[in-house]
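Okay, here's what each chain looks like letter by letter:
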Amino acid sequence: MTDHARGRVLDAGGPELLERLDHLDRRDGSRETLAAPRSPDRGATPDYDVVIAGGGLSILYAVPFARAGLRVAVVERAAAGTAHREWNASRPELERLVEAGLCSRDELDEDLIVARYARGLCRWHGGGTYAVRGVLDCAVDAGALVALARTRATALGVTFIDRTTALGVAPGADAISLLLRGPGGATRELVTRVVVDARGASSPFASADLVCPTVGGVLRGLREGDGPREIRPDIGEILATTEDAIGGRQYLWEAFPGRAGETTVYLFHYARREDATAPGLVELYGRFFESLARYKDGDATLVRPTFGLIPGWSRLTRAPASGHPRVVLVGDAAARHSPLTFCGFGATLRSLAPSVEAVCLAADGAALALGTWVHDSPVHSGTGALALLLASLDARPERASYANELLDVAFSVLAEMGEESFGRMLRDEATAEELVAFLRATAARRPDVYREVFGRLGTGPVMRWGAGIVGALLRG
Ligand SMILES: Cc1cc2nc3c(=O)[nH]c(=O)nc-3n(C[C@H](O)[C@H](O)[C@H](O)COP(=O)(O)OP(=O)(O)OC[C@H]3O[C@@H](n4cnc5c(N)ncnc54)[C@H](O)[C@@H]3O)c2cc1C
């Protein structure tokens, strides 16, 4: 099955994409070791103010940094500005691209947004279907967006160092050295004021305790229509299950129509990062191809594979951090996005504006808390434990329907709270009070959730969960 899955990714995506898949599947082996360069001498003249290590989504930061007058370089192990993702976001969130100078409003509406949805659906196997408006209602041409970011950044003087791997760092008194390995294995050092670590799940500092393995891509040939096994171009399917958990893993689907005739479809599951038994991405691709026909009808062809390991942080363990003020984590390395929806694109959009001021301060040597760089939301202090629960399901066959039952109750509660609250919860905008109301109503309908939470997570994490929610309530 794995050879078949690799073959289909190779056919649709080419050898470089297959290499990326295999690189991610090497798990911790894919993380670079911390080979350390020499610390810069005091008073050394840095080559750059900021080096962004990793040129995936976080290439977006290069433009506002350069517009703030900073000298910026982007180091990418492949080629920066070539996305292997498809992104969805809510329309107001996308406005941040205009504010950051990445595109005009016309470019956003006419070139970058490729589909808009009247509503989004969440449906649970054996349960109901729940509609919500204004959530992840725009599909963005990710390739065009990051290519545009590269063009704009280049025009602003940003240096791109492609096919080069960022290795270790060595902080000095007023700058930091970064060791690079270029094509052919040659190494060299750069000196910069700040390293922005945007290496995603491969960052050596990406210590978040959860991970969302995701595979799929852009498909053609799915049948259009109104049925649950068909695609409607004006409806995004945000979350859906078609079967009960298998061996303690609840597999979830999502399906977002894009350009005419195309739909992005993903299969994913929640996992603990340290779970050595979790299937790799190639194995997950095998399940994707094997079970797609049970999700959607049609004669599907994979035209663009997209996949990845999205880190998630439960907020119940130590926060991912670099340990040095001149190395700042962003994006998946920081994992401050929702641990339930894993919407790192939206979280990065929210982080663009605060990052500019902070990077200027950090370039001057100020020690900054991570929260001043990347956006976090009070609601995550409560949803992290739910994600941890979904990553820790009872594997016994008689408990296989538990996740679907709980998710169905949770989403029926959200639907009853009203469209505004439902939307805010999925857009990471819910207040701590809304979160508590949601948790209480869900637990009232499924009181056994208390036993499940204590049994699966343990007393210590549950106490930290409660403390996190109280903290969010006090912060208002
Ligand atoms: C399949 C999939 C679909 C998704 N869909 C959505 C969505 O619809 N909406 C949403 O909000 N979020 C979505 N996400 C999440 C979102 O894509 C991520 O949160 C986001 O891409 C994280 O950005 P990043 O810059 O931190 O990491 P990435 O975009 O993963 O970029 C990391 C980059 O670092 C490079 N790199 C790694 N190691 C090194 C090294 N040592 N030296 C140099 N470069 C290195 C990699 O090659 C890569 O280009 C999706 C994720 C996946 C995997």
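Residue positions within a chain follow its written sequence, with the count starting from 1. The model is predicted, so local features are restricted to residues of pLDDT at least 70 and side-chain atom pairs to those at 80 or more, both for listing and for counting; the totals for chains, interfaces and linings are taken over all residues. As a rule here, side-chain values come from all non-hydrogen atoms in the structure, and water together with hydrogens is ignored.

Chemist: Account for the pattern of salt bridges, with residues named and values stated.
Modeler: For this document, the term salt bridge refers to a Lys or Arg side-chain nitrogen within 4 Å of an Asp or Glu carboxyl oxygen. Under the defined criterion, the tally for this structure stands at 42 salt bridges. A salt bridge links Glu-243 to Arg-294; the nearest nitrogen and oxygen atoms lie 3.9 Å apart. Of this pair, Glu-243 sits in the loop between strand 13 (235-240) and strand 14 (252-257) while Arg-294 is found in helix 7 (residues 281-295), placing the two residues 51 residues apart along the sequence. Between Asp-394 and Arg-456 there is a salt bridge; the shortest N-O distance is 4.0 Å. Under the scheme used here, helices are H or I runs from DSSP no shorter than 4 residues and strands are E runs no shorter than 2 residues, and both carry numbers assigned from the N terminus.

Chemist: Could you give an account of the sheet that holds strand 4 (residues 113-116), naming the residues involved and the relevant values?
Modeler: Spatial strand order, 3-7-4: three strands in an open sheet with antiparallel pairing. Two strands in the sheet have a free side with no partner beyond their single neighbour: strand 3 (87-89) and strand 4. Pairwise comparison of adjacent strand axes, ignoring direction, gives a mean angle of 30° for this sheet. We call two strands paired when DSSP finds no fewer than two bridges between them. Bridge analysis of strand 3 against strand 7 (residues 138-140) gives three bridges, and the strand direction is antiparallel. Each bridged residue has a counterpart across the sheet, and for Ala-89 the counterpart in strand 7 is Cys-138. Helix axes are fitted to C-alpha atoms over the stretch in contact, other axes to C-alpha atoms as well, and angles between N-to-C directions run from 0 to 180 degrees.

Chemist: Which residues make up the packing of helix 12 (residues 419-426) against helix 13 (residues 432-445), and what values do they have?
Modeler: Two elements in contact, helix 12 and helix 13, have axes separated by 11 Å at closest approach and are oriented at 105°. Comparing the axis directions of helix 12 and helix 13 gives the class roughly perpendicular. Listed contacts from helix 13 to Ser-421, Arg-424 and Met-425 of helix 12 are Glu-434, Leu-435 and Phe-438. The residue classification treats Ala, Val, Leu, Ile, Met, Phe, Trp, Tyr, Cys and Pro as nonpolar and Asp, Glu, Lys and Arg as charged. All others, Gly included, are polar. Tallied by class, the residues present in the contact of helix 12 with helix 13 amount to three nonpolar, one polar and two charged. Note that the term roughly parallel is reserved for angles under 35 degrees, roughly antiparallel for angles over 145, roughly perpendicular for angles of 65 to 115, and oblique for everything else. Contacts: residue pairs with any heavy atoms within 4.5 Å of one another.

Chemist: I'd like a description of the environment of Ala-155, backed by residues and values.
Modeler: Mapped onto the elements of the fold, Ala-155 is located in helix 6 (residues 142-155). Assessed through its relative accessible area of 71%, Ala-155 is described here as exposed. Along the backbone, Ala-155 and Gly-261 are 106 residues apart, and their C-alpha atoms lie at a distance of 35 Å. The cut-offs for exposure are 20% and 50% of the maximum accessible area for each residue type, with area from a 1.4 Å probe on protein chains only; residues under the lower value are buried, those over the upper are exposed, and the others partly exposed.

Chemist: I'd like a rundown of the packing of aromatic side chains, residues and numbers included.
Modeler: Working definition: rings of Phe, Tyr and Trp (its six-membered ring) pair if their centres are within 6.5 Å, and the pair is stacked with planes under 30 degrees apart, edge-to-face with planes over 60 apart, and tilted otherwise. For the structure shown, the criterion picks out 13 aromatic pairs. Judged by centre distance (5.6 Å) and plane angle (45°), the rings of Trp-253 and Phe-288 are tilted. Here Trp-253, found in strand 14, pairs with Phe-288, found in helix 7; they are 35 residues apart in sequence, far enough to count as distant. Here the two residues Trp-253 and Phe-288 agree in accessibility, since each one is buried. With a centroid separation of 6.1 Å and an interplanar angle of 75°, the aromatic rings of Phe-268 and Tyr-270 are classed as edge-to-face. This pair shows no difference in class: Phe-268 is buried, exactly as Tyr-270 is.

Chemist: Which residues make up the domain arrangement of the protein, and what values go with them?
Modeler: It is common to give the size of an interface as the accessible area lost on bringing the parts into contact. Where a domain begins and ends is set by an automatic assignment or by a domain database. Segmentation of the protein into domains returns domain 1 (2-22 + 86-93 + 114-140 + 207-312), domain 2 (28-84 + 144-206 + 320-372) and domain 3 (380-475). Computed from C-alpha coordinates alone, the two centres of domain 2 and domain 3 are separated by 34 Å. Contacts between the two partners involve seven residues from domain 2, matched on the other side by nine residues from domain 3. In short, buried area is how much 1.4 Å probe accessible area vanishes from two parts on joining, totalled over both. Carbon and sulfur atoms make up 64% of the area that domain 2 and domain 3 hide from each other, which totals about 580 Å². Of all residues in domain 2, Pro-339, Leu-340 and Arg-350 bury the most surface against domain 3, accounting for 66% of the area lost on that side. At the junction of domain 2 and domain 3, the tally comes to one salt bridge. Residues Arg-350 and Asp-428 are paired through a salt bridge, measuring 2.8 Å at the closest nitrogen-oxygen approach. For the purposes of these results, a polar contact is taken to be a pair of N or O atoms within 3.5 Å, where, inside protein, one atom must be able to donate a hydrogen and its partner to accept one; residues adjacent in sequence count only when each atom of the pair is a side-chain atom. Here domain 2 is connected to domain 3 by two residue pairs in polar contact (both at pLDDT 80 or more). Taken together, the residues that form the side of domain 2 that touches domain 3 break down as two nonpolar, three polar and two charged.

Chemist: I'd like to hear about the site of the ligand, residue by residue, with values.
Modeler: Neighbouring residues are identified by heavy atoms, a residue being near a molecule or strand if any of them is within 4 Å of it. Residues in close proximity to the ligand total 32 residues, the closest being Ser-58, Glu-76, Trp-87, Ala-166 and Asp-332. One nitrogen or oxygen atom from the side chain of Trp-87 is found 2.7 Å from an oxygen atom belonging to the ligand. Between an oxygen atom of the ligand and a side-chain N or O atom of Asp-332, the distance comes to 2.6 Å. Surface accessibility follows the Shrake-Rupley procedure with a 1.4 Å probe radius. Residue values consider only the protein chains on display as shielding. Protein contact buries 95% of the 1000 Å² of open area that the ligand shows by itself.

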